[in-house]
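# What the coordinates show
The chain contents come next:
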Amino acid sequence: MKLEQTETGFTLSLKGHTILDHNAASPAIFVGIGQERMDMYRGNFDIEDYVIERRGLSHTEVDGNRVTLSDTAGQPPRLVLTIVEGAIMFEATDPMLNRLWIRIEAEDDEHVWGGGEQMSYFDMRGRRFPLWTSEPGVGRDPTTEITFKANVKDKAGGDYYTTNYPQPTYVSSALYALHVDTTAYSVFDFRKSGFHEIEVWAIPDRIEIFARTTFVELVETLSTRFGRQPPLPEWVYNGAIIGLKDGANSFTRLNTIRQAGVEVSALWCEDWVGLRQTSFGSRLFWDWQANETRYPGLGEKIAELHDSGIRFLGYVNPYLCVDGPLFAVADAAGYFATDGSGKTALVDFGEFDCGVVDFTNEAAAEWFAEEIIGKNMLDFGLSGWMADFGEYLPIDVHLSNGIDAKMMHNAWPTLWAEVNAKAIASRDRTGDALFFMRAGFTGVQKHCPLLWGGDQSVDFSRHDGLVTVICGALSSGLLGNAYHHSDIGGYTSLFGNVRTPELLMRWAEMAAFTPVMRTHEGNRPRENMQIDQNPEVLSHFARMTRVYLSLAPYLRSLSAEAVERGLPVQRPLFLHYQDDHHTYTIQDSYLYGADMLIAPVWQAAQETRIVYLPKGERWVHMWTGETFEGGSEVEIAAPLGYPPAFYRSGCTHEALFVALREI
């Protein structure tokens, strides 16, 4: 980092790239005071800010690596910057300040990616992205009927920027990455050509900046900074995780699915805890222990599955329902977050109330990890689970650590992931037991071994359908999340929107080329197509699991690479082809490791796809063996069962890829 004083300000550069150019006429740093309004309704937020003051700090004094900023000469300083290697440290000398805006120099043709897990736009340039963990919403497009109806009914429509997993980190095509070290609500605004504006509803501790010569080195650096996952469990490579929530009948259906030739690694029954009926559909009973009424003799069934080489997975979240026995235990011990009067805060989850376990209370976190996850789940025989609802911390509760819940809200997914990881480590099961989360924030990478893309609609829609899962994998993968997957067939079925056989088959085709294949029956199973209800769908799914199984040696090598280098399994094309600028805006195809390129069919009734193949390689079509020179688009036939897939001619695993033609 190079700090240089100018006539009325200063410049800050990193390896020759200007980061800040602050002067009296055109300040890059603004401070102020704001009064926010945040309304939360079942994980969805309505947020606005009333800005009382926003002022550019026009007077600058530089002393060594220290920059003092004030309104004008002769006025007391309001903000002090300390420049250290790779970081800008902030200190507010005015205690009233609770807003910061900082403008990072930008190039006209610059591209930016990251922001956590972004589902609509991979290249963030030209748009504004609030960074706040929440429900992404239904449809995520206010111009559509389904999003309009979701907003009217439950304020649950969402928009292009709403995400379970935000993170104030971006990667620039100028070969640097920037991270804001804060848990406060923040905004990345990339709409201007000359600068990127970062807005933080607090004075952050620091902004970290990393410059490298390649994108690969940048990703390796970020994965070191935020933490790396363990390798995928060995059992995952055996096939698909079959999601069924049909009580004891789940075991019968699993047998039918296996007899149809489906390769299975695990049975996932999120309803292992029982169900309750609501207007949204069947909801789980949020008391985290086996429900013997719905699953008689479940412990013995799990042992039988394990003996046959199949693991059993369940479900858990940080809440406990008031009508379950565990609530009374936690309430008596003082393990819940409280309300303004000091009583246990109750949260309405849609026709039932819950308390939220306060993970800032060390005793509460240890109790949840040991008694619930340790004893009720791991010791009972579970090998994994969905760790849900990390984005739901209410902003009006009081926490044991005394920090405002608005500042803890973004941090909550990381605390939740840590509780799960510690429970697994306590049983020496790290790298064997597998939990997956949709919520995330800075540091979740260190604890969560697998992301899932959340609750997509059961359709091909642009902002909430199959294609969004690709964008989510690529954006989060740049920031150190090596493994990503999704609900095959989507999850959310509302307002008459139901799955089609085509959607299930196309989703399965994509999932075969991701780290984990996992099905989900969705929020309304009886109204939606399931993989075992249609012979054509089941046969197709069985074949795609065989493709996944055949790729296991390659996937193992990618998992090892993730551990050693932090590289994601699913990669943007530019990660290995940074000189090919045409790859910078592609978000509907991806590299599967360095040797494969996958371009899933993500639109209905599509029989062909136009695919861009990066320059500098000869690419072989997986299913026909036809070879193409990179650097141009090709139109490829894509009948059901044969998604556009290519590999690099002469690559190490070429024989393995050729063998897929026989499946």
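Small disclaimer: the values here were computed from a predicted structure and weren't measured. (Residues numbered from 1 in each chain as written. Predicted model: local features only at pLDDT ≥ 70, side-chain atom pairs only at ≥ 80, totals over all residues. Heavy atoms only, no water.)

When helices and strands are tallied, the protein chain shows 14 helices and 37 strands. For 663 residues, the compact-globule estimate of 2.2 N^0.38 gives 26 Å, and the C-alpha radius of gyration of the protein chain, at 25 Å, lies within 12% of that figure. In terms of overall dimensions, the protein chain has C-alpha extents of about 80 × 70 × 50 Å along its principal axes. The buried share among the 663 residues of the protein chain stands at 62%. Considering only intrachain contacts with a sequence separation of at least 6, the fraction spanning at least 24 residues in the protein chain is 70%. Of the roughly 23300 Å² of accessible surface on the protein chain, 48% is carried by carbon and sulfur atoms. The distance from the centre of the 55 positive side-chain charges to the centre of the 88 negative ones in the protein chain is 2 Å. (Helix = DSSP H or I, 4+ residues; strand = E, 2+ residues; numbered from the N terminus. Rg over C-alpha atoms; globule rule 2.2 N^0.38 Å. Buried < 20%, exposed > 50% of the residue type's maximum accessible area, 1.4 Å probe, protein only. Contact = heavy atoms within 4.5 Å. Areas by Shrake-Rupley, 256 points an atom, 1.4 Å probe, with all protein chains shown as cover. Lys, Arg positive; Asp, Glu negative; His and termini not counted. Charge placed at Lys NZ, Arg CZ, Asp CG, Glu CD.)

Let us now look at helix α11 (residues 501-511). The buried fraction of α11 amounts to nine of the eleven residues, a majority that puts the element mostly inside the structure. When we look at burial in α11, the residues that qualify are L503, L504, M505, R506, W507, A508, E509, M510 and A511.

It is worth spelling out the sheet that holds strand β12 (residues 128-131) at this point. With respect to topology, six strands assemble into an open sheet ordered β5-β4-β10-β16-β15-β12, the strand pairing being antiparallel. Looking along the sheet, the strands with just one partner apiece sit at the ends: β5 (44-56) and β12. Averaged over all neighbouring strand pairs, the angle between strand axes comes to 25°, with direction disregarded. Bridging between strand β4 (residues 29-41) and strand β10 (residues 99-105) involves four bridges; their strand directions are antiparallel. (Pairing = 2+ DSSP bridges. Axes fitted to C-alpha atoms, helices over the stretch in contact; angles between N-to-C directions.)

This brings us to the side chain of D71. In this structure, D71 sits in the loop between β7 (66-70) and β8 (79-84). Here R78 takes part through its side chain, which lies 3.4 Å from a polar atom of the side chain of D71. Once residues lying within four places of it in the same chain are set aside, the contact partners of D71 are R55, L57, S58, H59 and R78. (Polar contact = N/O pair within 3.5 Å; in protein donor to acceptor, adjacent residues only side chain to side chain.)

Turning our attention to the domain arrangement of the protein chain. Parsing the protein chain into structural domains produces domain 1 (2-174 + 176-211), domain 2 (234-320 + 358-569) and domain 3 (574-662). For domain 2 versus domain 3, the separation of C-alpha centres amounts to 28 Å. Of the residues lining the interface, 29 residues belong to domain 2; the matching set on domain 3 comes to 33 residues. When the two sides are added together, the surface that domain 2 and domain 3 hide from each other amounts to roughly 2800 Å², 69% of it contributed by carbon and sulfur. Counting the surface domain 2 buries against domain 3, the share from its top three residues, R506, F513 and Y554, is 28%. The interface formed by domain 2 and domain 3 includes zero salt bridges. Taken together, domain 2 and domain 3 are joined by ten residue pairs in polar contact (both at pLDDT 80 or more). (Domains from an automatic or database assignment. Buried area = accessible area lost by both parts, 1.4 Å probe. Salt bridge = Lys/Arg side-chain N within 4 Å of Asp/Glu carboxyl O.)

The next thing to look at is the UniProt feature "domain: Glycosyl hydrolase family 31 C-terminal" (unreviewed entry) in the protein chain. UniProt's feature table lists "domain: Glycosyl hydrolase family 31 C-terminal" (unreviewed entry) at residues 566-650, given in the numbering used throughout. With 0% helix and 36% strand, residues 566-650 has its two end C-alpha atoms placed 25 Å apart. (UniProt positions renumbered as here; feature names shortened; annotations may be inferred.)

Below, the discussion takes up the sheet that holds strand β2 (residues 10-14). Backbone hydrogen bonds hold the strands of a sheet together, and the pairing may be parallel or antiparallel. Strands sit in the order β1-β2-β3 across an open sheet of three strands; the sheet is antiparallel. Edge positions in the sheet fall to β1 (2-5) and β3 (17-22), since each of these pairs with one other strand and no more. The sheet shows a mean angle of 20° between the axes of neighbouring strands, taken without regard to direction.

With their axes 9 Å apart at the nearest point, helix α6 (residues 362-378) and helix α8 (residues 412-426) run at an angle of 55° to one another. Comparing their axes, α8 and α6 come out oblique. Of the two elements, α6 crosses α8, and the hand of that crossing is right-handed. Residues A365, F368, A369, E370, I373, G374 and L378 of α6 pack against W416, V419, N420, A423, I424 and S426 of α8. Taken together, the residues that form the contact of α6 with α8 break down as nine nonpolar, three polar and one charged. (Parallel < 35°, antiparallel > 145°, perpendicular 65-115°, else oblique. Left-handed = near helix turned anticlockwise from the far one by under 90°. Nonpolar A, V, L, I, M, F, W, Y, C, P; charged D, E, K, R; others polar.)

At a closest axis distance of 12 Å, the pairing of helix α5 (residues 325-333) and α6 adopts a crossing angle of 155°. Here α5 is positioned roughly antiparallel relative to α6, judged by the angle of their axes. Seen from above, α5 lies across α6 with right-handed handedness. Here L326, V329 and A330 of α5 come into contact with α6, specifically with W367, I372 and N376. For the contact of α5 with α6, the class distribution of residues is five nonpolar, one polar and no charged.

This brings us to the pattern of salt bridges. Pairing of side chains with opposite charge becomes possible as their charged atoms draw close. Enumeration over the complete set of coordinates arrives at 47 salt bridges. A salt bridge links D39 to R37; its shortest N-O distance comes to 2.4 Å. A salt bridge links R78 to E53, with the nearest nitrogen and oxygen atoms 2.8 Å apart. You can see R78 sitting in the loop between β7 and β8 and its partner E53 sitting in strand β5, a full 25 residues away along the chain. E53 sits in the buried class, given a relative accessible area of 16%. When salt bridges with common partners are traced through the structure, they connect E53, R55, D71, R78 and D94 into a single cluster.

On to the environment of E521, then. Assignment of secondary structure puts E521 in the loop between α11 and α12 (535-550). On the basis of relative accessible area, E521 is assigned to the buried category, the value being 4%. When sequence neighbours within four positions are dropped, the list of residues in contact with E521 reads G243, L244, K245, R253, R499 and Q530. Here K245 takes part through its backbone nitrogen, which lies 3.0 Å from a polar atom of the side chain of E521. A distance of 2.8 Å separates the side chain of E521 from the side chain of R253, its partner in a polar contact.

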